[in-house]
Amino acid sequence: MHATTTKLLLVFVSAFMLIISHASSIRFHYINSHNFTTKTSASSSSPSSSSARRSRNPSLALVHRDAITGAKYPSRRHAALDLVARDNARAEYLVRRLNPTYLPTDLGSEVVSGLDQGSGEYFVRVGVGSPPTEQYLVVDSGSDVIWVQCKPCLQCYAQADPLFDPASSSTFSGVSCGSAICRMLSRSGCGDSGRCQYEVSYGDGSYTKGVLALETLTVGGTAVEGVAIGCGHRNHGLFVGASGLLGLGWGPMSLVGQLGGAAGGAFSYCLASRGPGSNADAGSLVLGRSEAVPEGAVWVPLVRNPQAPSFYYVSLTGIGVGDEKLPLEAGLFQLTDDGAGGVVMDTGTAVSRLPQEAYAALRDAFASAVAALPRAPGVSLLDTCYDLSGYTSVRVPTVSFYFDEGATLTLPARNLLVEVDGGIYCLAFAASSSGLSILGNIQQEGIQITVDSANGFIGFGPNTC
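The rules we used
- Residues numbered from 1 in each chain as written.
- Predicted model: local features only at pLDDT ≥ 70, side-chain atom pairs only at ≥ 80, totals over all residues.
- Heavy atoms only, no water.
- Helix = DSSP H or I, 4+ residues; strand = E, 2+ residues; numbered from the N terminus.
- Contact = heavy atoms within 4.5 Å.
- Disulfide = S-S within 2.5 Å.
- Buried < 20%, exposed > 50% of the residue type's maximum accessible area, 1.4 Å probe, protein only.
- Pairing = 2+ DSSP bridges.

S.K.: Which residues make up the environment of Val 95, and what values go with them?
M.R.: Note on placement: Val 95 falls in helix H3 (residues 76-97). Remark: the alpha-carbon pair of Val 95 and Gly 435, spanning 340 residues in sequence, is separated by 8.7 Å. With residues up to four places along the chain from it excluded, the contact list for Val 95 reads Ser 432, Ser 433, Ser 434 and Leu 436.

Laid out in structure tokens, this is it:
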């Protein structure tokens with residue numbers, strides 16, 4: 001985001017601490033409003049570009065969308081309003097998609113790209129074909145199918161990179177309609193040439209259509225052969241400059257699912273903090289068990305939703321503000337037998353969504369702890385805002401997530417507040433329009449998150465970025 005006013009950065013009285021444990025004593029952090037331009041360096045334990053090249057497992061830089069699209073805003077408020085608009089669309093899409101009564105209308109995929117729905121927040125650079133054509137792909141933890149726009153393009157949206165040309169790749173191979181790979185799609189079509197076709201459509205009229213193929217992807221300097229991808233010849237919608245999508249969901253068609261034993265069913269990512277002073281290349285995505293699964297992480301059981309098997313749900317049991325656990329109804333975050341409710345981790349949603357009861361309790365407890373701070377008008381769904389422009393530092397409470405088996409994730413101030421205007425900060429949580437809860441990427445930023453889908457766990461820490 002860009003602004004002409006004084007830029008702010010969240011820093012703390014002591015060194016940055018990510019608290020992931022079975023108990024925590026640190027309940028408050030400080031915001032220093034005069035040091036917001038200080039860059040947050042990546043942890044020495046985080047994969048660097050040089051170590052990634054030496055690593056046996058692929059490692060990629062995760063880049064925020066603003067660095068790719070070159071978006072320029074007249075003020076920070078305009079940038080915040082744009083973020084909120086994308087975020088609302090993405091969250092509402094997930095609410096519809098994860099409703100037990102949802103019926104897929106797309107032909108041949110479980111993809112939930114949501115690029116037009118606002119999920120294009122983080123990109124990776126991937127080489128497609130042989131020789132590789134470099135492409136920016138959106139990372140989506142709730143999608144399976146990988147796809148790119150392809151020549152000949154009968155209808156394509158604007159993207160940052162040249163279109164991928166299958167004719168120029170020596171490893172491109174179309175998939176037949178009767179193949180096992182084609183049958184793995186929830187629905188599939190068959191073209192005149194006998195090739196497997198895919199089609200994905202969205203509620204606003206956006207879509208991608210094309211053929212399924214096997215192709216070589218170059219990921220972090222490592223060539224991965226025989227990856228099933230969608231080659232889109234007809235694509236329409238607001239896809240924010242990306243060439244396509246890299247699905248990292250829990251299904252067999254995602255990159256992790258297709259790598260199988262080669263990746264050990266595991267990957268990790270660390271989303272770089274956004275805003276002034278952040279390093280756009282500090283984020284990382286690492287594939288492979290030996291590199292991605294760290295020692296010292298706190299592990300939380302994943303929950304499988306049979307109605308939406310691509311998504312990663314976690315077993316949240318409660319929330320705390322400061323040193324108080326909120327008095328919430330038992331089972332409020334539970335995934336029901338019919339697939340309703342639950343808590344899904346989503347890299348495409350920025351602001352975390354909570355059921356109305358939980359959000360109201362969190363908002364009121366947070367506001368009570370900072371009652372002396374001057375309030376500011378809300379901005380769209382962000383209704384708890386403060387004018388900190390006249391402060392050197394302020395004391396704000398931490399927020400803790402409590403999970404099954406006693407694990408606790410305590411978030412610092414920079415994961416709780418988002419700047420929406422010069423010196424105006426808002427609590428980065430909102431009420432869900434349904435019983436579904438979403439842990440968004442603002443709350444995930446700066447934390448090493450490891451998904452061990454093979455064993456059904458997600459890990460937090462111990463490293464930061």
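S.K.: Help me get a handle on the state of the cysteines, residues and values and all.
M.R.: Tallied over the entire structure, the rule returns five disulfides. Two residues share a disulfide in this structure: Cys 177 and Cys 190, whose sulfurs sit 2.0 Å from each other. Its S-S torsion of about 100 degrees marks the bond between Cys 177 and Cys 190 as right-handed, since a negative value means left-handed. Separated by 13 residues along the polypeptide, Cys 177 in the loop between strand S7 (173-174) and helix H5 (180-183) and Cys 190 in strand S8 (residues 189-190) bring together distant segments of the chain. Between Cys 385 and Cys 426 runs a disulfide, and the two sulfur atoms are separated by 2.0 Å. Its S-S torsion of approximately 100 degrees makes the covalent link between Cys 385 and Cys 426 right-handed. Here Cys 385 is found in strand S22 (residues 385-387), whereas its partner Cys 426 is found in strand S27 (residues 424-427), with 41 residues between them in sequence.

S.K.: Describe the pairing of strand S4 (residues 122-128), and please don't skip the residues or the numbers.
M.R.: Successive side chains on a regular strand alternate, one facing one side of the sheet and the next facing the other. Along S4, six of the seven residues are buried, which leaves the element largely enclosed by surrounding structure. Where S4 lies against strand S5 (residues 133-140), six bridges are found, and the strand directions are antiparallel. Across the sheet, residue Val 124 finds its bridge partner in S5, namely Leu 137. A loop of four residues connects S4 with S5, the two strands running antiparallel in sequence, and Gly 129 in this loop sits at a positive phi of about 90 degrees. Direction of pairing for S4 relative to strand S10 (residues 207-219): antiparallel, over a ladder of three bridges. If you follow Val 128 over to S10, its bridge partner there is Leu 217.

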